Each structure stands twice: as structure tokens, then as C-alpha cells.
Amino acid sequence: MINNERERMVVRGLKDVAAAETRISYVDPMGHLYYLGYDIDDLVGNVTYPEVAFLLVHKRFPNRSELDTFCDTLISEMELPEEVLTCIRSTPKTCHPMDVLRTEVSRLGQFDPERNDRSDEANIRRATRLIAQVPTIVAAIHRSRQGVPLFRPRKDFNFAENFLYMFEGSHPNDKETEVLHRVMILHADHGFNASTFAARVTASTNSDMYSAVTTAIGTLKGPLHGGASEKVMEMLDDIGLEEEVEEYIQGLLDDRKKIMGFGHRVYKVEDPRAKHLRDIVENLCHRERTMDLYNKCLKIEGIVHERKNIYPNLDFYAAVAMDALGVPKEFFTPFFCSSRISGWAAHVIEQYEDAVLLRPSSNYVGEFGRYFVPIENR
Ligand code: COA
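Bear in mind the structure is a predicted one, so any value in this text is a computation, not a measurement. Residue numbering note: each chain is counted from 1, following its sequence as written. The model is predicted, so local features are restricted to residues of pLDDT at least 70 and side-chain atom pairs to those at 80 or more, both for listing and for counting; the totals for chains, interfaces and linings are taken over all residues. Values reported for side chains reflect all heavy atoms of the structure, with hydrogen atoms and water molecules removed beforehand.

A. Structural detail: the layout of surface pockets. A volume near 210 Å³ is recorded for the second largest pocket. Points on a 1 Å grid, built from protein atoms alone, make a cavity when a 1.4 Å probe fits but cannot get out and make a pocket when they are open with protein on both sides within 12 Å along at least 5 of 7 lines; residues with an atom within 4 Å of a point are the lining residues. Around the second largest pocket, the lining is made up of 15 residues, and of these Cys 71, Asp 72, Ile 75, Asn 158 and Phe 159 lie nearest the centre. Elements with a contribution of two residues or more to the lining of the second largest pocket: helix 2 (49–58) and helix 3 (64–77). Asp, Glu, Lys and Arg are counted as charged, while Ala, Val, Leu, Ile, Met, Phe, Trp, Tyr, Cys and Pro are counted as nonpolar; the rest, among them Gly, fall into the polar class. Taken together, the residues of the lining of the second largest pocket sort by class into 6 nonpolar, 4 polar and 5 charged. Grid points are joined across faces, edges and corners, and a volume is the space filled by probe spheres set on the points. Starting at the N terminus, helices and strands are each numbered in turn, a helix being any DSSP run of H or I of at least four residues and a strand any DSSP run of E of at least two.

Laid out in C-alpha cells, this is it:
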């Protein structure tokens, strides 16, 4: 007789289960988000994305000269190995960009210049390289799908400028660069979300940072997580006219379908990132398309709140902000990855420091004692 008496309570979806301690970010259910103790409300508009990336990985803000050095390093590390560029060029254009990104980030691990060095210092350098290279991979995927030349990073452009320049092939204006900094700050980290947890599980086996980040990318891709913003834009495009919003959303709710970009596992009130993204989009409403999308969004927000008492999350207005930057919807999640990489890398380093295998158990609910029949008798 097999002893299955040690039944533990199953916490479906691991809801409210604390799997570890972290000092990196805190998701306050009452509508605040802190990076290393700093409220994001105090960061957005006051710091640049590289400052936040430095904060996450080094667990403190840089001084001016440290930031200058970090930014110079980021720009020079934006270059990709030629072999990775060759693979990106040969990828079928029908692949989703997230599939290409997942594979090419994994491939980067083969070209890590200090592959066998697992020291803390090497991990910080590796994190910095990944923070620099993920946006370049995203830009290269976009350019190669368009069949246009890939651009190399320029030392006279800042990080966000370079990202947009390499992605679109033209120099962004100051407003676009500022919007991207803000969007990237808002996407940089978010507690033990699914992709971060997945990265930490991989890191907890003492596997390398590239493996952990590859795991995270695959997890972020899903529409219940980072893939939601692409679905939001599909919905907005599908709706057509603003006057059709009500019927469309009521129809989805009547069919008990989820409205993409709404609801959250932790927040009981509005996601604190949503208000910043709503403001960003409102400021971009001089563009006709953005204004049209924004008006639809406001209507959807009202209906969903009234019927379900839930609020927009990060992905709802992020979709419109990225659309205004000229990013095609299938690249929304790759853009998300391009900033969440800083949070993932910080969590991977913290997991190495914690040095514990993340390995839960399960309650077996299958059968016992089944009679085995050899294949020739089945
Ligand atoms: N649209 C409509 N109803 C929603 C909803 C949404 N986007 N999100 C949650 N709800 C409802 C559920 O139907 C459920 O209602 P019920 O109790 O009447 O059945 C209730 O709210 C709880 O939802 P649940 O899915 O159990 O919460 P969760 O914590 O497991 O899921 C999400 C959180 C984010 C996965 C979920 O809100 C969702 O699927 N949102 C859409 C995808 C998305 O935007 N993801 C990005 C997250 S940042």
C-alpha cells in the first residue's frame, strides 16, 4: 500500500503564496509599486530607464559619473554577435517575434565572453549585457522582417534613442524618446509575477542567466501575462468605431470572456502603472489614431468597471502608448521584454544569493495499484 496520507493544502494558482523574500520590488495591493523602496510615482518623469536598470541590478541608484559609465557600457554592449544577426535574418518572417526573441536570447548564451565565470561581478556584467542586447535583438527582428538594413547603435544617442533608432531606422524626437523612457521604467519590474518566478525557478537550480531569461521570455509571451497588450490592440482594432464599444464589450462580458488588459492578481484597486500610461497616452492625443484609441479605451474602462468592478492593468494603455510610438502590435511583448529584462536579471542574481532550490510539491490525485499489461497484450 502506498502512503498518500500526507496531503497538503493545494493553493490553486499559488495565489497569495510567498515563495521567497525579495528586496527588489513590492507590489502593494492598495495601488503602489516600489522599486528598491522607491515609489514609481516618484521615479516616472524624474529618472531615465538606465537609472532604473542600474537601481534594480545594483540595488542602489548610481551617482552622475557611475550613470555616465553605465550608459556608455550599455551603448557599447548593444552590439550583437554576427552569428546571432545571421540567425535573425534567416528566421521565417511568419514566426511571431517573441519566438525569435526567445531563441536568440538563448543563443546569446553561446557567445557569452565569460561563460565559465559565475562570480557576482560577472553576473552583474552579464545582466548589463542582456539589458543592452535584448532591445537590439528586438530591433533586428523588426528590421529583418521588413527586409531593410539593420542599424548599429550610435554613441551619440542615448539608450532609448538608440532603441527606437535601430527599430524604426530614423531618429526619434525628444518626446518619443521621453515616452519610451517612461514606458520602459513602468515595465521594468513587478514583484513575483509569473515570468519573474519562472526565471527564479530556473536560476534556483544554479542554471545560467541566459537559461533563466529564456524561461522568462516564454512565460511572458502568454496572453494572461505580457501577451495581453497585443490582444488589447487586436480588440481595439476589432471594435471599429467608438460607438460600437458598448455592444462589443457587453457581448464579451455576456459570453463570460475576459477583457484583455483588465484585472490583476494582486491589485485590489487600479494598477498604479495604468494611471501613468493613461497620462502618457493622453499627452499623445494630438495624433488622430491615438485620440481615437484613447476615446475607445476610456469607454471600455467605464463599462468594465461598472459591470465587473475591475480596473485596467499595465497592458491596457501600454498598448496604445506603443502604438503611438509606431510599434506594430506583434512587437508590444518584445518591447515589454526589452525593459523587464532588467527586473529578471536582478531577480536571477537575488535568487543565486538566496541559494535555495525552488521545488514545490503536489498532491497526487491519480490511481494506485493498477495492473500492468505488457505492450503485446494491450
Ligand atoms: N475580464 C473580465 N473579467 C475578469 C477579468 C477580465 N480581464 N479579470 C478578472 N475577471 C473576473 C473573473 O472572471 C473572475 O470573476 P468571477 O469571480 O465572477 O468568476 C474574477 O474577476 C477573478 O478573476 P481571476 O481570473 O480568477 O483572477 P486571477 O487573479 O486568477 O487572474 C488575470 C488575473 C490578470 C490573469 C486576469 O485578470 C486576466 O485574465 N486578465 C486579462 C489578461 C491580462 O490583462 N493580463 C495582464 C495582466 S498584467
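So, next bit.
B. Examining the pattern of salt bridges more closely. Salt bridge, as used here, is a side-chain nitrogen of Lys or Arg placed within 4 Å of a carboxyl oxygen of Asp or Glu. A complete count under the given rule lists 28 salt bridges for this structure. Between Arg 60 and Glu 66 there is a salt bridge, with the nearest N and O atoms lying 2.8 Å from each other. Burial classes follow relative accessibility: with a 1.4 Å probe on protein chains only, a residue under 20% of its type's maximum area counts as buried, one over 50% as exposed, and anything between as partly exposed. For Arg 60, a relative accessible area of 39% puts it in the partly exposed group. Of the charged contacts, one joins Arg 102 and Asp 99 as a salt bridge, the two residues approaching to 3.4 Å between their closest N and O atoms. In this pair, Arg 102 and Asp 99 are both assigned in helix 5 (residues 97–108), 3 residues apart and thus about one turn of the helix distant. Overall, Arg 102 belongs to the partly exposed group, its relative accessible area being 29%. Linked by salt bridges that have partners in common, Asp 112, Glu 114, Asp 117, Arg 125, Arg 126 and Arg 129 make up one network.

C. Here's a closer look at the packing of helix 2 against helix 8 (residues 174–187). Relative orientation of the contacting elements helix 2 and helix 8 amounts to 20°, with a least axis distance of 8 Å. One way to sum up the angle between helix 2 and helix 8 is to call them roughly parallel. In this structure, the crossing between helix 2 and helix 8 has a hand that is left-handed. Side by side, helix 2 and helix 8 meet where Tyr 49, Pro 50 and Val 52 of the first sit next to His 181, Met 184 and Ile 185 of the second. Across the contact of helix 2 with helix 8, the residue classes break down as 5 nonpolar, 1 polar and no charged. Note on method: axes are straight lines fitted to C-alpha atoms, helices fitted across the in-contact stretch only, with angles between N-to-C directions ranging 0 to 180 degrees. The cut-offs work like this: below 35 degrees is roughly parallel, past 145 is roughly antiparallel, 65 to 115 is roughly perpendicular, and the gaps in between are oblique. What makes a crossing left-handed is the near helix being turned counterclockwise from the far one by less than a right angle; a clockwise turn instead makes it right-handed. Should any heavy atoms of two residues lie within 4.5 Å, those residues are counted as being in contact.

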